[in-house]
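Below, each chain spelled out in residue letters.
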2 protein chains.
Amino acid sequence: MSLKHAILVMLETEPGSGYDLMRHFRQRLGYFWNAKHQQVYQQLKQLAIDGYIEYTLEAQADKPDKKVYSITPAGVEELRQWIAAPVAPNKINDPLLVKLYGGHLSDRDNLLAELERHIDTHRRRLQELEAIEQTLLSFDKAEQEAMKYPYITLRRGILGERAWLDWAAEAQQIINK
Amino acid sequence: MSLKHAILVMLETEPGSGYDLMRHFRQRLGYFWNAKHQQVYQQLKQLAIDGYIEYTLEAQADKPDKKVYSITPAGVEELRQWIAAPVAPNKINDPLLVKLYGGHLSDRDNLLAELERHIDTHRRRLQELEAIEQTLLSFDKAEQEAMKYPYITLRRGILGERAWLDWAAEAQQIINK
DNA sequence: TATGAATATGCAAATTGTTGCATATTAAAT
DNA sequence: ATTTAATATGCAACAATTTGCATATTCATA
């Protein structure tokens, strides 16, 4: 289970609320981590019980109150150890490919429409990631050095999305052929 | 839940046992579907109860007996409907990227060693997929046409692995820099 | 002035997936 | 002769994830 560590690694960068973390997952880290808000709030609760994080309540003038979590030294140590240990390669379960594998049971137009919907999503995603990259590249040397590791993961997102789109174009051609 | 449909789509191509399906997942479809044997056997049981598949017991001279499952008309219909309905884009949770995101908490050698391990896995995977592709390309026109949709998913595997390796090479450079 | 979107958090139930344990046969290797 | 690998299936407990429900505020829009 690494939702726990995904949360810790984000809080290690910067304290934040469950809602902040969710925004991060949705808007920035979606290409490598996804979770529902219920799961995030549950984990935050548990991580606080385990002493890996702690929180302060913050009243806000214009918005509902929020719990701002930050990582504890015990949390940093836990994270450090997890990062040092080997991890199994990422498990992939992709329903779209299951569908395409059985494409002969559907009709061409349906498959192409479905593919088109997915292409839209991935195109938007790629644009977002490239925009983030442009921002990072506008930073000065010191800031870029500080963002080195997140940048590596961002590149994975970008190369991954481009490869996905290249494949989708191939897939369209084969289906139409 | 699409493990159910991943199993149905395989049985629609060809009847097989739980063990056969597992071999498929491990050796051929690992780039788009993964499952443990316990889960596969459970699902097979449930799918049989639901009437989507049925089985015959086959005694084998040299090996333990096996249950050979095949899809029923109800199963094909269920699969057809599932394929026709839109599906949400694939959810990605990649622990390796979580690790790299927090790379500043580890040391360079550890990160590079970890990356090397993953590169080995992906390289092997790519070679296997390219070998399968060569086999498919040696088939005659009619057979290739019949394998059109599985071939599209195979291409996803190949392009995906190549992109992964390209990224890994970039990552090594950035870490070493 | 209602309606929806964004912010903010959470419980409970159900489903899905993993881990640990268990068994039995045959072929090949040591 | 014994061990290991491959074949073949399964239960039970536990962990992780999803779905459904629930609440409350503020801002912008219709």
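Source: prediction; values computed, not measured.

## Looking at the domain arrangement of chain A
All names here are of chain A.
- Parsing chain A into structural domains produces domain 1 (3-84) and domain 2 (95-176).
- Once you take the C-alpha centre of each, domain 1 and domain 2 turn out to be 27 Å apart.
- Listed by partner, the interface residues are seven residues for domain 1 and seven residues for domain 2.
- When domain 1 packs against domain 2, the two sides together hide about 510 Å² of surface, and 55% of this comes from carbon and sulfur.
- For domain 1, the biggest contributors to the area lost against domain 2 are Gln-27, Arg-28 and Tyr-31; these three give 82% of the whole.

## A look at the relation of the copies chain B and chain A
- The two copies are related by a screw operation: chain B maps onto chain A through 180° of rotation and 0.0 Å of translation along the axis, at an RMSD of 0.1 Å. The two molecules are tied by a two-fold rotation axis, judged by turn and shift. Relative to the rotation axis, the closest C-alpha in chain B is found at Ala163(B), a distance of 3.1 Å.
- Interface overlap between copies is the fraction of interface residues in one copy that are interface residues in the other; for chain B against chain A it reaches 100%, indicating a shared surface.

## Some details on the interface of chain B and chain A
- Listed by partner, the interface residues are 65 residues for chain B and 65 residues for chain A.
- Among the residues of chain B in contact with chain A, Tyr101(B), Leu105(B) and Tyr149(B) are the three that bury the most area, contributing 13% of the side total.
- Our count for the contact surface shared by chain B and chain A stands at two salt bridges.
- Residue Arg155(A) pairs with Glu170(B) through a salt bridge whose shortest N-O separation is 2.7 Å.
- Our enumeration of links across chain B and chain A arrives at 29 residue pairs in polar contact (both at pLDDT 80 or more).
- Counting residues per element, the ones that place at least two in the side of chain B that touches chain A are helix H1 (3-13), helix H4 (73-84), helix H5 (95-101), helix H6 (108-137) and helix H8 (148-176) of chain B.
- Ranked by residues supplied to the side of chain B that touches chain A, first place goes to H8(B) with 17 residues.
- Taken together, the residues that form the side of chain B that touches chain A break down as 36 nonpolar, 15 polar and 14 charged.

## Some thoughts on the protein's contact with DNA strand C
- Around DNA strand C, 21 residues are found, and the nearest of them are Tyr19(A), Gln60(A), Lys67(A), Gln39(B) and Asp62(B).
- The contact atoms of DNA strand C, taken as those within 4 Å of the protein, divide so that sugar and phosphate hold 66%.
- A distance of 2.9 Å separates a phosphate oxygen of DNA strand C from a polar atom in the side chain of Lys91(A).
- Contact between DNA strand C and Gln39(B): a phosphate oxygen at 2.3 Å from a side-chain N or O atom of the residue.
- Among the elements of the structure, helix H2 (18-27), helix H3 (37-49) and strand S2 (66-71) of chain A together with helix H3 (37-49) of chain B are those that each provide at least two residues to the surface near DNA strand C.
- Sorting elements by how many residues they give to the surface near DNA strand C places H3(A) first, with four residues.

## Focus on the packing of H6(B) against H8(B)
Residues and elements named next belong to chain B.
- At a minimum axis separation of 9 Å, H6 and H8 run at an interaxial angle of 155°. When the interaxial angle is binned, H6 and H8 end up roughly antiparallel. Handedness of the H6/H8 crossing: left-handed.
- Of the residues contributing to the contact of H6 with H8, the split by class is 18 nonpolar, five polar and nine charged.

Cut-offs used in this document
- Residues numbered from 1 in each chain as written.
- Chains lettered and ligands numbered in written order.
- Predicted model: local features only at pLDDT ≥ 70, side-chain atom pairs only at ≥ 80, totals over all residues.
- Heavy atoms only, no water.
- Domains from an automatic or database assignment.
- Contact = heavy atoms within 4.5 Å.
- Buried area = accessible area lost by both parts, 1.4 Å probe.
- Least-squares fit on C-alpha atoms with pLDDT ≥ 70 in both.
- Salt bridge = Lys/Arg side-chain N within 4 Å of Asp/Glu carboxyl O.
- Polar contact = N/O pair within 3.5 Å; in protein donor to acceptor, adjacent residues only side chain to side chain.
- Helix = DSSP H or I, 4+ residues; strand = E, 2+ residues; numbered from the N terminus.
- Nonpolar A, V, L, I, M, F, W, Y, C, P; charged D, E, K, R; others polar.
- Near = heavy atom within 4 Å.
- Axes fitted to C-alpha atoms, helices over the stretch in contact; angles between N-to-C directions.
- Parallel < 35°, antiparallel > 145°, perpendicular 65-115°, else oblique.
- Left-handed = near helix turned anticlockwise from the far one by under 90°.

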